[in-house]
Amino acid sequence: MNKNYYITTPIYYPSAKPHMGHAYSSIVVDFFARFKRIEGYKVFFLTGTDEHGLKIQRAAEKNKKKPLEFCDEISKTFKELSKTLNLSNNDFIRTTEKRHHKSVQNLWNILEKKGEIYLSKYSGWYSVSDEAFYSDDETETRDDVKVAKSSGSSVEWLEEESYFFKLSNWQNKLLELYEKSPSFILPKSRKNEVVSFVKSGLKDLSVSRKSFSWGIKVPSNKEHVIYVWLDALTNYLSAINYPDTNSDMYKNFWPADLHMIGKDILRFHAVYWPAFLLAADLPPPKRVYGHGWILSGEEKMSKSKGNILDPVEIINEHGLDALRYYLLKEVSFGNDGNISKEKLISCINSDLANNFGNLCQRVLAFTEKNIGLQIPQIDSLNKEDLIILNSYSDNYQNLIDFINNQNINSYMNFIVDQMFKANKYFNDQEPWKKKEDTKRLSTIIYTSLELIRKISTLLYPVIPQSSLKALNIFKIKENEIYIETIKNNSFLKSGSAINKIDILFKKVIVND
Ligand code: MSP
């Protein structure tokens, strides 16, 4: 069985500081990467910045900086955000790096050699903000401004010599791909949009620009720079040593298992990208998932709308794990979601402090007081012990399937339900009334500690820092976490010492 797993975030435009939308994509990918690692996979998790093109060139000019100097500065803030978000990425790629130039030019040369690229002239609409070409019927006039219907970004008329990729030749092959791999595009609703776009007929795609210079040069014609999307998409190959297709990195990790992206850039990933790859005789990725947007009010956050939510502010106020937990649990994954302070606080107070944190503290305090800080012996487990303990092994395969289908909400619902049930178990068993029956007392304590261990293991991909703190009760280190162990009801070794831990989550006091 292939135990490698390659997962990517989009590479972000360093045109302005990162915001909550970027943080969301990255946290989601980190969640999957961490889960696959504790499932025993060798994971390669890639993120980075997309630094070429007119959008970046203009942003640099506006800031009176040279493009590279500007990118160095902003890309650094994305790198710092990765640290702030506790991302477990294995690499951070910048498209201004040499390894990437080499890889893009190589892909271009192959496409050109195969006759997939030809020189002609482009005339049509272009949105610099989206770095996308639009046909006339994809645009409309709003308040006297010509905009792209899909994104609302303004478009400008463009007429220049350009290289074209023969996208029209790949229409049937793409439709075949969508049919043969029904989960190539998820969620399903988004897949339908893509399929009908491709069915409606694909035009050849302009893949070079002549009127500005901030990009990777076309190897055979230095007057042209390569279209920023052909450039950007190739980052997924550059990071695994392409063009060296004999390298271990390439062999282990291509095709990528999952490109996680926002729904705004699905067309680039689910149409153009597989077409480029198929045309170059390279296998397409296994899956592209287009998640929804984090809205600010009713709108997508963007710099031009001035409605940016800053993840760092929320983290400073409530902590990283609270934000991670909130985004993963409360956003219905695949759909748009709103950031609501009330819901964030309710996650902290009810789920994290009252439910999970309190379970750990209560059980630990009770254990210390009654049997000392150690794992007790277990006597025979009764029906109630077995029902709650076995619900993990009974649901194990479901949990794995939830992750493989990117069903974050079902995974989170299982955890919330288990936190609730574990607290209820401890209450219902009333161990404080069983002090005379030491065997039963020990068994209840053992079962409760096992439940804390299982829940903390499940929480590792969601709130890694807090999960590690909780697992420290049992001296379990990060590289010792395996999801499979939740199936084991006697993982904890009787007689071994346990640690006390600090309070995991402080409740937020709300003043009306
Ligand atoms: N540079 C391109 C991607 C190239 S990938 C080969 C790009 N960059 S971006 O910075 O504009 O946005 C990248 C991604 O950030 C989006 O696809 C999405 O995943 C995420 N988000 C940006 N704004 C968002 C929200 N408001 N909500 C959720 N995610 C959003 O497009």
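For the structure itself, look to the data block above.
What counts and how
- Residues numbered from 1 in each chain as written.
- Predicted model: local features only at pLDDT ≥ 70, side-chain atom pairs only at ≥ 80, totals over all residues.
- Heavy atoms only, no water.
- 1 Å grid on protein atoms, 1.4 Å probe; cavity = no way out; pocket = protein on both sides within 12 Å on 5 of 7 lines; lining within 4 Å.
- Points joined across faces, edges and corners; volume = space filled by probe spheres on them.
- Helix = DSSP H or I, 4+ residues; strand = E, 2+ residues; numbered from the N terminus.
- Nonpolar A, V, L, I, M, F, W, Y, C, P; charged D, E, K, R; others polar.
- Core = buried A, V, L, I, M, F, W, Y, C linked by side-chain atoms within 4.5 Å.
- Buried < 20%, exposed > 50% of the residue type's maximum accessible area, 1.4 Å probe, protein only.
- Contact = heavy atoms within 4.5 Å.
- Pairing = 2+ DSSP bridges.
- Near = heavy atom within 4 Å.
- Polar contact = N/O pair within 3.5 Å; in protein donor to acceptor, adjacent residues only side chain to side chain.
- Areas by Shrake-Rupley, 256 points an atom, 1.4 Å probe, with all protein chains shown as cover.
- Disulfide = S-S within 2.5 Å.
- Salt bridge = Lys/Arg side-chain N within 4 Å of Asp/Glu carboxyl O.
- Axes fitted to C-alpha atoms, helices over the stretch in contact; angles between N-to-C directions.
- Parallel < 35°, antiparallel > 145°, perpendicular 65-115°, else oblique.
- Left-handed = near helix turned anticlockwise from the far one by under 90°.
- Phe/Tyr/Trp six-rings, centres within 6.5 Å; stacked < 30°, edge-to-face > 60°.

J.: Please clarify how the layout of surface pockets should be interpreted in this entry.
T.: Here the idea is plain: a probe the size of a water molecule rolls over the atoms and shows the empty space left. Approximately 440 Å³ is the volume attributed to the second largest pocket. Taken together, 20 residues line the second largest pocket, and the ones lying closest to its centre are Phe133, Tyr134, Ser135, Glu138 and Lys203. Contributing elements (two or more residues each) for the lining of the second largest pocket: β4 (117–127), β5 (132–134), β10 (205–206) and α10 (266–279). Here the lining of the second largest pocket gets three residues from one element, more than from any other, and that element is β4. Among the residues forming the lining of the second largest pocket, the class breakdown is nine nonpolar, six polar and five charged.

J.: I would appreciate a short explanation of the nonpolar core in the present structure.
T.: Soluble, globular proteins show a tendency: their nonpolar side chains are buried together. Residues Tyr325, Leu327, Tyr411, Val462 and Phe474 are the most contacted members of the largest nonpolar core, which totals 91 residues. Look past the residues within four positions of Phe474 in its chain and what remains in contact with it is Ile375, Leu449, Ile452, Arg453, Leu492 and Ile498. Among the nonpolar cores identified, the runner-up in size contains 84 residues, and Tyr13, Tyr163, Val218 and Leu277 belong to it.

J.: Sorry, what's going on with the pairing of strand β13 (residues 221–226) here?
T.: Here is the key point about a regular strand: its side chains alternate between the two faces of the sheet. Relative to β13, strand β11 (residues 208–209) runs antiparallel, the two being bridged by two bridges. Looking at β13, one finds that Arg209 is bridged to Val225. As defined by bridge partners, strand β12 (residues 217–218) adjoins β13 across two bridges and the pair is classed as antiparallel. Bridge pairing in β13 places Lys217 opposite Val225. Between the antiparallel neighbours β12 and β13 lie two residues.

J.: Please explain the site of the ligand as it appears in this structure.
T.: Taken together, 25 residues are adjacent to the ligand, and Ile11, Ser25, Asp50, Gly262 and Ile294 come closest. Contacts to the ligand include Gly262, whose backbone N or O atom sits 2.9 Å from an oxygen atom. At a separation of 3.5 Å, an oxygen atom of the ligand approaches a polar side-chain atom of His291. Bound to the protein, the ligand loses 95% of the 660 Å² it would expose on its own. At the level of secondary structure, the elements contributing two or more residues to the shell around the ligand comprise β1 (4–12), α1 (20–38), α7 (228–233), α8 (235–238) and β14 (258–262). Among the residues forming the shell around the ligand, the class breakdown is 13 nonpolar, nine polar and three charged.

J.: Please clarify how the state of the cysteines should be interpreted in this entry.
T.: Working definition: the covalent bond between the sulfur atoms of two cysteines is a disulfide. Following the criterion strictly, the structure yields zero disulfides and no others. Lacking any disulfide linkage, Cys347 is separated from the closest cysteine sulfur, that of Cys360, by 17 Å. When its relative accessible area of 0% is taken as the criterion, Cys360 is described as buried.

J.: Would you take a moment to explain empty space enclosed by the protein for this structure?
T.: Summed over the entire model, instances satisfying the criterion amount to three cavities of 30 Å³ or more. Those elements giving two or more residues to the lining of the largest cavity turn out to be α1 and α3 (67–84). Within this model, the second largest cavity holds a volume of roughly 50 Å³. If you trace the second largest cavity, you find it lined by Arg453, Thr457, Leu471, Ile476, Glu480, Ile481, Tyr482, Thr485 and Phe491. Taken together, the residues of the lining of the second largest cavity sort by class into five nonpolar, two polar and two charged.

J.: Would you explain the pattern of salt bridges in this entry?
T.: Side chains that carry opposite charge are capable of pairing whenever their charged atoms lie near each other. This model, assessed by the stated rule, comprises 30 salt bridges. Across the salt bridge formed by Glu140 and Arg142, the nearest N and O atoms sit 2.6 Å from each other. Linking Glu330 and Lys329 is a salt bridge whose minimum nitrogen-to-oxygen distance equals 3.2 Å.

J.: Got a minute to help me understand the packing of helix α16 (residues 438–459) against helix α17 (residues 464–471) in this structure?
T.: Helix-helix packing is characterised by the crossing angle of the two axes and by the distance between the axes. Direction vectors running N to C along α16 and α17 enclose 155°, while the axes themselves pass 8 Å from each other. Taken as axis vectors, α16 and α17 run roughly antiparallel relative to one another. Crossing handedness for the pair α16 and α17: left-handed. Together, Arg453, Ser456, Thr457 and Leu459 of α16 and Pro464, Ser467, Ala470 and Leu471 of α17 make up the contact between the two elements. Split into classes, the residues belonging to the contact of α16 with α17 amount to four nonpolar, three polar and one charged.

J.: When you look at the side chain of Glu160 in this model, what are you seeing that I'm missing?
T.: Mapped onto the elements of the fold, Glu160 is located in strand β8 (residues 156–165). Engagement of the side chain of Glu160 in a polar contact is seen with the side chain of Ser211, the distance being 2.7 Å. The residues touching Glu160, leaving out its near neighbours within four places in the chain, are Ser120, Lys121, Tyr122, Ser208, Arg209, Lys210 and Ser211.

J.: Hey, could you run me through the packing of aromatic side chains in this one?
T.: Each aromatic ring pair is described using two quantities: the centre-to-centre distance and the angle formed by the ring planes. For the structure shown, the criterion picks out 28 aromatic pairs. Measuring from centroid to centroid gives 5.5 Å for Phe31 and Tyr411, while their planes differ by 75°, and the two rings are edge-to-face. Taken together, the residues span a long stretch of sequence, with Phe31 in helix α1 and Tyr411 in helix α15 (residues 408–429) at a distance of 380 residues. Looking at Phe31, the relative accessible area reads 0%, which means it is buried. Ring geometry for Tyr392 versus Phe414: centroids 5.8 Å apart, planes at 85°, classification edge-to-face. Of this pair, Tyr392 sits in helix α14 (residues 383–404) while Phe414 sits in helix α15, placing them 22 residues apart in sequence. A relative accessible area of 9% places Phe414 in the buried class.

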